[in-house]
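Summary of the model geometry
Chain residues, written in single-letter form:
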Amino acid sequence: MLVMAGLGLYDERDVTLKTLDFAKKVDKIYAEFYTAILTGTTMEKIEGTLQKPITVLDREKVEYETNKLIDEAKDKDIMFLTAGDPMVATTHVDIAVEARKKGIEVVIINAPSIYSAIGITGLQLYKFGKTTSIVFPEPNYFPETPYDVIKDNLKLGYHTLCLLDIQADKERFMTANEGLDALLKIEEKRKENVISDETKVAVVARAGSINPGLYYGKIKDLLNHDFKSPLHCVIIPGKLHFMEEDALKYLFENI
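Keep in mind it's a predicted model, so treat the numbers as computed, not measured.

Turning to the UniProt feature "binding site: S-adenosyl-L-methionine" (unreviewed entry) in the protein, a few remarks are in order. Here, the residues flagged by UniProt with the feature "binding site: S-adenosyl-L-methionine" (unreviewed entry) are Leu9, Asp85, Val88, Ser113, Ile114, Leu164, Ala207 and His232. Looking at the secondary structure, you find Leu9 in the loop between strand S1 (2–6) and helix H1 (17–25). In contact with Leu9, not counting residues within four places along its chain, are Asp14, Ile37, Leu38, Gly84, Pro112, Ser113, Ile114, Ala117, Ala207 and Gly208. Structurally, Val88 can be placed in the loop between strand S4 (78–82) and helix H5 (90–101). Ignoring anything within four residues of it in the chain, the contact list for Val88 reads Ser113 and Tyr115.

Okay, the packing of helix H7 (residues 145–155) against helix H8 (residues 176–190) next. Running from amino to carboxyl end, H7 crosses H8 at an angle of 85°, the nearest separation of the two axes being 9 Å. Taken as axis vectors, H7 and H8 run roughly perpendicular relative to one another. In contact with Pro146, Tyr147, Asp148 and Ile150 of H7, H8 contributes Leu183, Ile186, Glu187 and Arg190. For the contact of H7 with H8, the per-class residue count stands at five nonpolar, no polar and three charged.

To continue, consider the side chain of Glu244. Here Glu244 lies in helix H10 (residues 242–250). Within the structure, the side chain of Glu244 is placed 2.8 Å from the side chain of His159, a separation counted as a polar contact. Excluding residues within four positions of it along the chain, Glu244 makes contact with Gly122, Leu123, Gln124, Lys127, His159 and Lys239.

Each aromatic ring pair is described using two quantities: the centre-to-centre distance and the angle formed by the ring planes. A full pass over the atoms with the stated rule returns two aromatic pairs. Ring centres 5.0 Å apart and planes at 75° place the aromatic pair Tyr215 and Phe227 in the edge-to-face group. Separated by twelve residues along the polypeptide, Tyr215 in strand S11 (residues 213–218) and Phe227 in the loop between helix H9 (219–222) and strand S12 (232–236) bring together distant segments of the chain. By the burial criterion, Tyr215 is buried, and Phe227 matches it.

Before going further, it helps to spend a moment on the domain arrangement of the protein. Accessible area lost upon the coming together of the parts serves often as the stated size of an interface. Here the protein is partitioned into domain 1 (2–112) and domain 2 (115–254). Contact with domain 1, which involves eleven residues of that partner, is made by twelve residues of domain 2. For the pair domain 1 and domain 2, the summed buried area comes to about 840 Å², and 71% of that belongs to carbon and sulfur atoms. In terms of surface lost to domain 2, no three residues of domain 1 exceed Leu9, Tyr10 and Ile37, which account for 48% of the buried area on that side. Between domain 1 and domain 2 we count zero salt bridges in total. At the boundary of domain 1 and domain 2, one finds one residue pair in polar contact (both at pLDDT 80 or more).

Definitions and limits used
- Residues numbered from 1 in each chain as written.
- Predicted model: local features only at pLDDT ≥ 70, side-chain atom pairs only at ≥ 80, totals over all residues.
- Heavy atoms only, no water.
- UniProt positions renumbered as here; feature names shortened; annotations may be inferred.
- Helix = DSSP H or I, 4+ residues; strand = E, 2+ residues; numbered from the N terminus.
- Contact = heavy atoms within 4.5 Å.
- Axes fitted to C-alpha atoms, helices over the stretch in contact; angles between N-to-C directions.
- Parallel < 35°, antiparallel > 145°, perpendicular 65-115°, else oblique.
- Nonpolar A, V, L, I, M, F, W, Y, C, P; charged D, E, K, R; others polar.
- Polar contact = N/O pair within 3.5 Å; in protein donor to acceptor, adjacent residues only side chain to side chain.
- Phe/Tyr/Trp six-rings, centres within 6.5 Å; stacked < 30°, edge-to-face > 60°.
- Buried < 20%, exposed > 50% of the residue type's maximum accessible area, 1.4 Å probe, protein only.
- Domains from an automatic or database assignment.
- Buried area = accessible area lost by both parts, 1.4 Å probe.
- Salt bridge = Lys/Arg side-chain N within 4 Å of Asp/Glu carboxyl O.

Here's what the structure looks like:
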């Protein structure tokens, strides 16, 4: 059996009772933290909560040693943990599909993810369009996909959730400041008037924690703001309903 379970968004207290129950029964637990990470806890605390050691797989081991993980599940009960919900990342869906193809029972335990947590903004979830990711610019590598996604969503009046790059092995997490700066740099190159320093955006910091940060204002006023510890995400609002306008006014710190 392969149990795919989410750990939630922030710390070990997000673990569901179902995950705890299955953790007691399985033979081995694996986890990956390159797609997302719980910044409010440590591996030791997670292992203490589950009362079992956890083998952490890096990006290469998840993507290229999937067969090994699945093969173990033929004869043993294996748990695979991820931050957020286990079925958000394409890599995880592939693992579940390949396991089912080989006749292995797959149990999926859902958990809070950024897609549910952004409900804290008061923005209506059904009005979010395609999600995009802003990555750290590298020499000869500066994807403009986020710009295109935002452009297309705005045409339809949709909000855009921008996830920010994580390089867990380097303990490097893109800040909202860096993400906004990257968008302005793409605008400077493309000059299609999709984003400007006058554009109003929302920033969510430490989603899933007891005290998340919610900030709203013009990009020029947010660029140098201290959003404190990660993880951060950026939301480009589309057409706002009056209730959403009130949410941005009263639920957020307006910068």
